[in-house]
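An overview of the molecular structure
Here are the chains, one letter per residue:
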Amino acid sequence: MNLENLSNQDLLAGIKSLRGTERETTLSILKYLSEIEDRRLVRELGYSSLFDYCVRALGYSEASTYRRVSAARAIKLNPELGELFLQGRVNLCTISAASTALRENRAQVSEIVGKS
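Residues numbered from 1 in each chain as written. Predicted model: local features only at pLDDT ≥ 70, side-chain atom pairs only at ≥ 80, totals over all residues. Heavy atoms only, no water.

1. So, the overall build of the protein chain
Each helix and strand in the protein chain was counted, giving seven helices and zero strands. Listed by position from the N terminus, the elements making up the protein chain come as α-α-α-α-α-α-α. The principal-axis extent of the C-alpha atoms belonging to the protein chain is close to 50 × 35 × 20 Å. Relative to its full complement of 116 residues, the protein chain shows a buried share of 33%. For the protein chain, the share of sequence-separated contacts (at least 6 apart) that also reach a separation of at least 24 residues comes to 47%. Summing over all exposed atoms, the protein chain offers an accessible surface of approximately 7800 Å²; the carbon and sulfur share of this is 50%. Side chains of the protein chain carry 16 positive and 14 negative charges; the gap between the two charge centres is 4 Å. (Helix = DSSP H or I, 4+ residues; strand = E, 2+ residues; numbered from the N terminus. Buried < 20%, exposed > 50% of the residue type's maximum accessible area, 1.4 Å probe, protein only. Contact = heavy atoms within 4.5 Å. Areas by Shrake-Rupley, 256 points an atom, 1.4 Å probe, with all protein chains shown as cover. Lys, Arg positive; Asp, Glu negative; His and termini not counted. Charge placed at Lys NZ, Arg CZ, Asp CG, Glu CD.)

2. Focus on unusual backbone geometry
Unlike most non-glycine residues, Arg 40 shows phi in positive territory, near 60°. Secondary-structure assignment places Arg 40 in the loop between α1 (8-39) and α2 (41-44). Note on Arg 40: relative accessible area 60%, which makes it exposed. The residue Asn 105 is not glycine, and still its phi comes out positive at about 60°. Note on placement: Asn 105 falls in the loop between α6 (92-103) and α7 (109-112). According to the relative accessible area criterion, Asn 105 is exposed, its value standing at 63%.

3. Thoughts on the pattern of salt bridges
Applying the stated criterion to the full structure yields six salt bridges. The partner of Arg 106 in a salt bridge is Glu 104, and the shortest N-O contact between them spans 2.8 Å. Judged by relative accessible area, Glu 104 falls into the partly exposed class, the value being 44%. (Salt bridge = Lys/Arg side-chain N within 4 Å of Asp/Glu carboxyl O.)

Here is the structure:
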C-alpha cells in the first residue's frame, strides 16, 4: 500500500474511514466470541477456556484477550454498550474495566460513557 501519493485530505479521510470500520470489526469479533462461549465450542476444540482459545488459536496477547472476553460478556448483558462502542462513546478498555461493576450492578452503563 503506497500512501505517499495521497493528498493530506485523502489521508485523513482514509484513516477516519478505517477507524469506523475498526470499531465495527471489533464489535463483530466480540459478538462472535460471545456466541462461541455460549455454544461451548472451545471445549470441543480442546481449549480449556475462551481465554485459552483467544490466546492460542487467535493469537491475541493475554492483555488483549482479557479486554475482549470481558467486553464481550459485558456487551451480552448490556447490548446498548455495542452501539455506544460504535459511536466512540465508550472504548474497549473502558467496557472491560467496568465489566465486573456492570455485572454486579455496582455501576450503570450511563456512568461509563465518556470515561477512559
